[in-house]
Amino acid sequence: MYQSKIAGIGHYVPPIVVDNNELSNFMDTSDEWVQERTGIKERRYGQKFEQTTTTMGAEAAKAACENAGISPSEVDFIIFATLSPDYYFPGCGVLLQRELGITNQEVGALDIRNQCSGFIYGLSIADQFVKTGMYKNVLLVGAEMHSMGIDFSTRGRDVSVIFGDGAGAVVLQPTQEEGKGILTTKLHSDGTYAEKLAMINPGSHGNYHFKKMGEPKDYDYPDTKYGEVFMTQKMMDTGAQYPNMEGRFVFKMAVQKFPEVIMEALNSLKLTPADIDILVPHQANLRISQFVQKVMKLRDDQVVNNIQKYGNTTAASIPIALSEAVQDGRVKEGSLVCLAAFGSGFTWGSALIRW
Ligand SMILES: CC(C)(COP(=O)(O)OP(=O)(O)OC[C@H]1O[C@@H](n2cnc3c(N)ncnc32)[C@H](O)[C@@H]1OP(=O)(O)O)[C@@H](O)C(=O)NCCC(=O)NCCS
């Protein structure tokens, strides 16, 4: 068995900067409200019709390959994590393969849908492939172009102010250096709360889950017609195609699960929070990260926060933050890096990496 290490990392954020004041032109919100509740000052949006989740992912992937000293043609497996894919199907993995000019059909491409914990799930999958010697250069990308599908009216303001676009990527390679690389990953889920943070339409559910919960939605489904369930006119008229979130509930779960899953990873290696050199939490909300920092008794310099600049970029948030921390020297050779995420599903997870 090998160990797997992050051999290269890179990120890409699109050039359009949208601050909170600009959003208040479309919806009833304010810079003060957004900063006070989330810490977010501004976020980036991709150039519509010119960029996509895949193309931003490709920029990050190229940077990660360059950083690893490989050409994209040497990648032997692709994992793409996103909740805002270019297409419903096929996934962004194959689109990325094409975008990077990888014509080798020996390469597999896998899309994963674990939202905010997508990067950690992807890291764990990549780790298993690399450890067993099956692949030598696994490209893992987390990318989102939320701006194309969020509600910019006051109705959607609780969600829309939070999310931003961007991409991050890593290349995983085997190493035989003792104690180096990915030390452990911990993954969890609880589908009880699937609808608390979700985009449920378009979809094939046909109200099934809501009827079961005793809260059927009025989507005005045509009586018995198949083929008209994914998206009805009423869904469009009522904004039911947009993501929805019970913010307070998500907040409460997040502040419980982040410390729990970080401690689980540390305990499994007989380490303590004091051993962490850098914690890179999923950038969900600055208040969540500050709460986690406080309960884990971590210093400011132990925690990476960049949500102020980018908002919540879901599957891209950890690799963007980690990439910035590597670039500015906060992550060094030998650093103990802890990654942790919580989000829609609910799914959550953590990873410990000796850099
Ligand atoms: C979304 C979140 C910032 C909302 O903050 P909150 O303090 O819980 O606010 P509430 O949802 O209770 O809403 C309070 C009021 O602000 C209003 N509001 C919601 N979004 C607003 C916005 N963008 N601007 C101004 N007012 C807003 C609400 O309508 C509500 O008004 P009311 O009291 O008149 O009904 C917060 O719940 C949160 O961060 N949750 C976690 C979200 C998260 O991390 N998601 C990603 C997980 S990966």
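A quick note: this is a predicted structure, and the numbers were derived from the prediction, not measured.

## A closer look at the overall build of the chain
Then, number 1: From N to C terminus, the chain includes 12 helices and 13 strands.
Then, number 2: Compactness check: the chain gives a C-alpha radius of gyration of 20 Å against a globular reference of 20 Å for 355 residues, within 12% of the reference.
Then, number 3: Dimensions of the chain, computed from C-alpha atoms along their principal axes, come out at roughly 60 × 50 × 40 Å.
Then, number 4: Within the span of the chain, comprising 355 residues, buried residues form 48% of the whole.
Then, number 5: Long-range contacts, defined as pairs at least 24 residues apart, comprise 79% of the intrachain contacts of the chain with a sequence gap of at least 6.

## Considering the site of the ligand
Then, number 1: The immediate surroundings of the ligand are formed by 21 residues, with Thr 29, Arg 157, Gly 247, Ala 284 and Gly 343 found nearest.
Then, number 2: Among the elements of the structure, helix H2 (31–38), helix H6 (157–160) and helix H9 (247–268) are those that each provide at least two residues to the shell around the ligand.
Then, number 3: The element contributing the most residues to the shell around the ligand is H9, with 5 residues.
Then, number 4: A class-by-class count of the residues in the shell around the ligand yields 11 nonpolar, 6 polar and 4 charged.

## Describing the sheet that holds strand S6 (residues 138–144)
Then, number 1: Read from one edge of the open sheet, 5 strands run S1-S7-S6-S4-S5, paired in mixed fashion. In the strand order of this sheet, the two ends are held by strand S1 (3–12) and strand S5 (108–112), each with one partner. Within this sheet the neighbouring strands show an average axis-to-axis angle of 20 degrees, counted without direction.
Then, number 2: Against the sheet, helix H5 (residues 118–131) contacts S1, strand S4 (77–81), S5, S6 and strand S7 (166–175), and its axis sits at roughly 170 degrees relative to S6.

## A closer look at the environment of Gly 46
Then, number 1: Along the polypeptide, Gly 46 turns up in the loop between strand S3 (42–45) and helix H3 (53–68).
Then, number 2: Classification of Gly 46 as buried rests on a count of 27 C-beta atoms within 10 Å.
Then, number 3: Put simply, Gly 46 and Ile 16 are 30 residues apart on the chain and 6.5 Å apart in space, counted from C-alpha to C-alpha.
Then, number 4: Those residues in contact with Gly 46 that lie beyond four places of it in its chain are Pro 14, Gln 51, Met 56, Met 145, Ser 147 and Asp 165.

## Brief notes about the sheet that holds strand S12 (residues 336–343)
Then, number 1: Taken in spatial order, the 4 strands of this open sheet run S8-S13-S12-S11, and their pairing is mixed. Since the sheet does not close on itself, it has two edges, and those belong to strand S8 (181–189) and strand S11 (278–281), each with one partner. Strand-to-strand twist of the sheet, defined as the mean angle between neighbouring strand axes without regard to direction, takes the value 10 degrees.
Then, number 2: Relative to strand S13 (residues 347–354), S12 runs antiparallel, the two being bridged by 8 bridges.

## A word on helix H12 (residues 317–327)
Then, number 1: The element H12 is largely enclosed, with a buried count of 10 among its 11 residues.
Then, number 2: Taken together, the buried positions of H12 are occupied by Ser 317, Ile 318, Pro 319, Ile 320, Ala 321, Leu 322, Ser 323, Glu 324, Ala 325 and Val 326.

## With respect to unusual backbone geometry
Then, number 1: At the junction of Phe 89 and Pro 90, the peptide bond is cis and its omega measures out at -5 degrees in the coordinates.
Then, number 2: Residue placement: Pro 90 occurs in the loop between S4 and helix H4 (92–99).
Then, number 3: Cis rather than trans, the peptide bond between Asn 201 and Pro 202 has omega equal to 0 degrees.
Then, number 4: Examined against the element boundaries, Pro 202 turns out to sit in the loop between strand S9 (197–198) and helix H7 (208–212).
Then, number 5: One non-glycine residue with positive phi stands out, namely Phe 49, at about 70 degrees.
Then, number 6: For Phe 49, a count of 7 C-beta atoms within 10 Å corresponds to the exposed category.
Then, number 7: Even without being glycine, Gln 115 reaches a positive phi, approximately 50 degrees.
Then, number 8: Within the element layout of this structure, Gln 115 appears in the loop between S5 and H5.
Then, number 9: Judged by the 25 C-beta atoms lying within 10 Å of it, Gln 115 is buried.

## Quick notes on the packing of H3 against H4
Then, number 1: Across the interface, H3 lies against H4 with an axial gap of 9 Å and an inter-helix angle of 60 degrees. Our classification of the angle between H3 and H4 gives oblique. For H3 against H4, the interelement crossing comes out right-handed. Residues Thr 53, Thr 54, Thr 55, Gly 57, Ala 58 and Ala 61 of H3 pack against Cys 92, Leu 95, Leu 96 and Glu 99 of H4.
Then, number 2: By residue class, the composition of the contact of H3 with H4 is 5 nonpolar, 4 polar and 1 charged.

## Comments concerning the domain arrangement of the chain
Then, number 1: By domain assignment, the chain separates into domain 1 (3–175) and domain 2 (181–193 + 245–354).
Then, number 2: At the interface, 45 residues of domain 1 touch 40 residues of domain 2.

## Side note on H5
Then, number 1: An ideal rise of 1.5 Å per residue puts 20 Å on 14 residues; H5 measures up with 20 Å between its terminal C-alpha atoms.
Then, number 2: Within H5, 11 of the 14 residues are buried, leaving the element largely enclosed by the surrounding structure.
Then, number 3: Burial in H5 covers these residues: Gly 118, Phe 119, Ile 120, Tyr 121, Gly 122, Leu 123, Ile 125, Ala 126, Asp 127, Phe 129 and Val 130.
Then, number 4: Positive phi appears at Gly 133, one or two residues downstream of H5, with a value of about 85 degrees.

## Digging into the environment of Ser 344
Then, number 1: Within the fold, Ser 344 resides in the loop between S12 and S13.
Then, number 2: Owing to 23 C-beta atoms within 10 Å, Ser 344 belongs among the buried residues under this scheme.
Then, number 3: For the pair Ser 344 and Arg 113, spaced 231 residues apart in sequence, the C-alpha separation works out to 9.8 Å.
Then, number 4: Leave out the neighbours within four places in its chain, and Ser 344 touches Gln 115, Cys 116, Leu 197 and Ala 198.

Each value, and the rule that gives it
- Residues numbered from 1 in each chain as written.
- Predicted model: local features only at pLDDT ≥ 70, side-chain atom pairs only at ≥ 80, totals over all residues.
- Helix = DSSP H or I, 4+ residues; strand = E, 2+ residues; numbered from the N terminus.
- Rg over C-alpha atoms; globule rule 2.2 N^0.38 Å.
- Buried ≥ 20, exposed ≤ 12 C-beta atoms within 10 Å, placed from the backbone.
- Contact = placed C-beta atoms within 7 Å.
- Near = placed C-beta within 6 Å.
- Nonpolar A, V, L, I, M, F, W, Y, C, P; charged D, E, K, R; others polar.
- Pairing = 2+ DSSP bridges.
- Axes fitted to C-alpha atoms, helices over the stretch in contact; angles between N-to-C directions.
- Parallel < 35°, antiparallel > 145°, perpendicular 65-115°, else oblique.
- Left-handed = near helix turned anticlockwise from the far one by under 90°.
- Domains from an automatic or database assignment.
- Expected span 1.5 Å × (residues − 1).

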